[in-house]
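For reference, the chains in residue letters:
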Protein chains: 2
Amino acid sequence: MKYLLTVSYDGTHFCGWQKQGLLRTVQLVMEDAAREIFKAETKVTASGRTDAGVHALGQVCELSADTTIPAEKLRECFNAKLPEDVRVLRSAAVEESFDITRAAKQKTYRYTAYYAETELPLFERYAVRLEFKPLLERMREAAKLLVGEHDFAAFRAAGYTSKTSVRTLYEVKVEERTEDGAAIYTITVRGNGFLYNMVRILAGELFAVGCGKDTGILKALETGERKYLAKTMPSKGLTMVKVEF
Amino acid sequence: MKYLLTVSYDGTHFCGWQKQGLLRTVQLVMEDAAREIFKAETKVTASGRTDAGVHALGQVCELSADTTIPAEKLRECFNAKLPEDVRVLRSAAVEESFDITRAAKQKTYRYTAYYAETELPLFERYAVRLEFKPLLERMREAAKLLVGEHDFAAFRAAGYTSKTSVRTLYEVKVEERTEDGAAIYTITVRGNGFLYNMVRILAGELFAVGCGKDTGILKALETGERKYLAKTMPSKGLTMVKVEF
């Protein structure tokens, strides 16, 4: 039988999703738990890899197992074996023909930053402090340029390739709220797929534009050159929010 | 000269505020930083101690030092020496006659809990998961009983004494919001002072009442007996928000 698990994790102490030898990765601890539950080597495949330090509210992964455990009970079985910084929120059976690497229709990521004069220890784990207070209107104007189908080749970490760098973004939403004396900025991005580091590069450009940089987005989309865009944001501010099939 | 520092910390890896030999406490790291800055042993006194695991957004502490560093620059000096989980947000000079242990007019604490079927790793650091979804109205009704001047002897950890256990609570506010699929509950308490564990005991009783317990608050206030109240909540959900002079 094939099963889908919805998983949340605090990425702080993980070297990302994908197995890399003995490094502590989410895939490694998921497969360790699966081995104990099913008494067999079990591959756990995610809808998309997340980098070291990136968090997830609703990562989705699949596995195949020969078991009599009811699908909805797998959640508890995994949670009894997993370390505290990963939890399975839902588990369900899925058709054998389902292929998680192809089935995702859209994914949502969120980038969180805050502005305060001094680092706020209670914010630092899941958000990045900005040195300047960005102008929301400038960020929103720039964000509009990203929506739609584009070749995002410029929005990709150097050295990474994939068949195509054309992706469609359905929404790039920039929001501000005030909490405990800090201004918190979130960039929520929904699209049919993302390139390596794409959200962090896009967030870096939008925050830089908010702080006064002339937008390099049109040039970057046109030429595919990374140099028109600002610095990649750190991983800790990024959260994979949702995967939809 | 006497100085006041407003300090924020993530209490997760601290054994509370107060020095206890070589244990990692906030006072210890503050005094270590002060020693480096002023080249002299310097006592740092907080407006109120916080327990192991309790966080602070705006703890206030005082110190006396013989220095030519401008008061407002002390913030940066401390932050250059402190570990990342403590930050000085503001520094200012204060009159010699100021006594931080007596000068606080009111303090504000906040307790945060959430309800979700499974633990959410991204919430677990600063909030406690509730097994049941509490009824806000029941919590608010019970909270009203706490407001005003009362003898809170029952709301104190066993074995702790102080001259008087009479305190005045100006406000006990219960709020609910939804965030990332979880219902988040905050209890914000403002008063002229708090006994040892008082906010955590009070929060435990309010959440228990929200989940169906008959309130023991009146009996507890009347008799001073701890047994009428529910379990003390864990420290990680508690944050010292503000001290006012």
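Each chain has its residues counted from 1, following the order in which its sequence is written. The order in which chains are written sets their letters, starting at A; the order in which ligands are written sets their numbers, starting at 1. Where totals are concerned, whole chains, interfaces and linings use all residues; where local detail is concerned, this predicted model gives features only for residues with pLDDT of at least 70, and gives and counts side-chain atom pairs only at 80 or more. Excluding hydrogens and water, the side-chain values take into account all heavy atoms of the structure.

Along its length, chain A carries six helices and 10 strands. The C-alpha radius of gyration computed for chain A amounts to 19 Å, which stays within 12% of the reference 18 Å derived for 245 residues, consistent with globular compactness. The C-alpha extent of chain A, read off along each of the three principal axes, is 60 × 40 × 30 Å. Remark: exposure states derive from per-residue accessible area (1.4 Å probe, protein chains only) relative to the maximum for the residue type, with buried under 20%, exposed over 50%, and partly exposed in between. The burial tally for chain A puts 56% of its 245 residues in the buried class. For chain A, the computed accessible surface area is about 11400 Å², with 50% contributed by carbon and sulfur atoms. Only four residue types enter the charge count: Lys and Arg as positive, Asp and Glu as negative, with His and the chain ends excluded. Where a charge sits is defined by one atom per residue type, namely NZ (Lys), CZ (Arg), CG (Asp) or CD (Glu). Put simply, chain A has 36 plus and 33 minus side-chain charges, and the middle of one group is 2 Å from the middle of the other. Secondary structure is summarised from DSSP: a helix means a run of H or I of at least four residues, a strand means a run of E of at least two, and numbering begins at the N terminus for each. The globule rule used for comparison is 2.2 Å times the number of residues to the exponent 0.38, while the radius of gyration itself is calculated over C-alpha atoms. Note on areas: Shrake-Rupley with a 1.4 Å probe; residue coverage comes only from the protein chains shown.

All names here are of chain B. Strands are treated as partners if at least two bridges between them are detected by DSSP. As paired elements, strand E7 (residues 148-151) and strand E8 (residues 166-179) share four bridges and run antiparallel to each other. Opposite His-150, over in E8, you have Arg-167 as the bridge partner. Inspection of the sheet shows E8 paired to strand E9 (residues 182-191) by 10 bridges, in the antiparallel sense. From the neighbouring strand, Val-172 faces E9, where its bridge partner is Val-189.

Next up on the list: the relation of the copies chain B and chain A. Least squares is the method used to superpose the copies, on C-alpha atoms of residues holding a pLDDT of at least 70 in both. The two copies are related by a screw motion: chain B maps onto chain A through a turn of 180 degrees and a shift of 0.0 Å along the axis, at an RMSD of 0.0 Å. The superposition of one copy onto the other is thereby described by a two-fold rotation axis. When C-alpha positions in chain B are compared against the rotation axis, the closest is assigned to Arg-125 of chain B, at 4.9 Å. Throughout, a contact is declared for two residues whenever any of their heavy atoms are within 4.5 Å. A shared interface surface links the copies, since 100% of the contact residues of chain B are contact residues in chain A too.

This next bit is on the interface of chain B and chain A. Between chain B and chain A, the contact holds 25 residues from the first and 25 residues from the second. Of the roughly 2000 Å² buried where chain B meets chain A, counting both sides, 59% is carbon and sulfur surface. Buried area: the sum, over both parts, of the accessible surface (1.4 Å probe) that disappears when the two are put together. It is Thr-118, Pro-121 and Leu-122 of chain B that lose the most area in chain B upon contact with chain A, and together they represent 32% of the buried surface on that side. Salt bridges are defined by distance alone: a side-chain nitrogen of Lys or Arg within 4 Å of a carboxyl oxygen of Asp or Glu. Note that Glu-119 of chain A is salt-bridged to Arg-87 of chain B, the shortest N-O span being 3.8 Å. What qualifies as a polar contact is a pair of N or O atoms within 3.5 Å, subject to a donor-acceptor requirement within protein and to the restriction that residues adjacent in sequence count only when both atoms come from side chains. The interface formed by chain B and chain A contains six residue pairs in polar contact (both at pLDDT 80 or more). Listed by contribution, the elements that provide at least two residues to the side of chain B that touches chain A are strand E1 (2-9), strand E3 (55-64), helix H2 (74-81) and strand E4 (86-94) of chain B. A per-element tally of the side of chain B that touches chain A places E4 of chain B first, with four residues. Residues are grouped as follows: Ala, Val, Leu, Ile, Met, Phe, Trp, Tyr, Cys and Pro are nonpolar; Asp, Glu, Lys and Arg are charged; every other residue, Gly included, is polar. Looking at the side of chain B that touches chain A residue by residue, the class counts come to 10 nonpolar, five polar and 10 charged.

What follows concerns the domain arrangement of chain A. All names here are of chain A. The domain limits used here are those given by an automatic or database domain assignment. On domain assignment, one finds that chain A holds domain 1 (2-102) and domain 2 (106-244). In this structure, domain 1 and domain 2 have C-alpha centres spaced 27 Å apart. Domain 1 puts 17 residues into the contact, and the matching count from domain 2 is 16 residues. Carbon and sulfur atoms make up 50% of the area that domain 1 and domain 2 hide from each other, which totals about 1200 Å². When the buried surface of domain 1 facing domain 2 is broken down by residue, Asp-51, His-55 and Leu-57 rank first, second and third, together holding 40% of it. On the surface where domain 1 and domain 2 come into contact, there are two salt bridges. Our enumeration of links across domain 1 and domain 2 arrives at 12 residue pairs in polar contact (both at pLDDT 80 or more). Partitioning the side of domain 1 that touches domain 2 into residue classes produces five nonpolar, nine polar and three charged.

Residue and element names in this part refer to chain A. Inspection of every chain in the model, using the stated rule, returns 46 salt bridges over all chains. Notably, a salt bridge pairs Lys-144 with Glu-141, separated by 3.1 Å at the nearest N-O pair. With a gap of three residues between them, Lys-144 and Glu-141 both fall in helix H4 (residues 136-144), about one helical turn apart. Judged by relative accessible area, which is 56%, Lys-144 ranks as exposed.

Next up on the list: H4 of chain A. Restricting attention to buried positions, one finds in H4 of chain A the residues Leu-136, Met-139, Ala-142 and Ala-143 of chain A. End-on, the buried residues of H4 of chain A take up no more than an arc of 130 degrees, which puts them together on one face. The arc in question is the one spanned by the directions pointing from the helix axis to the C-beta atoms.

Residues and elements named next belong to chain B. Comment: axis = line fitted to C-alpha atoms, over the contacting stretch for helices; angle = value between 0 and 180 degrees taken between N-to-C directions. Packing of helix H4 (residues 136-144) against helix H5 (residues 198-210) leaves a shortest axis separation of 7 Å and a crossing angle of 140 degrees. Taken together, the axis directions place H4 and H5 in an arrangement best described as oblique. When you trace H4 past H5, the crossing you get is right-handed. Contacts between H4 and H5 involve Arg-138, Met-139, Ala-142 and Ala-143 from the former and Leu-206, Phe-207, Val-209 and Gly-210 from the latter. By residue class, the composition of the contact of H4 with H5 is six nonpolar, one polar and one charged. By the definition adopted for this analysis, an angle is roughly parallel if under 35 degrees, roughly antiparallel if over 145, roughly perpendicular if from 65 to 115, and oblique otherwise. Crossing handedness: left-handed means the near helix sits turned counterclockwise from the far one by under a right angle, and right-handed means the same turn made clockwise.

Attention now goes to the confidence of the model for chain A. Overall, the predicted model of chain A reaches an average pLDDT of 96, with 100% of residues at or above 70. Taken over the whole predicted complex, pTM reads 0.94, whereas the ipTM for its chain interfaces reads 0.93. The predictor rates its confidence in each residue with pLDDT, a number between 0 and 100.

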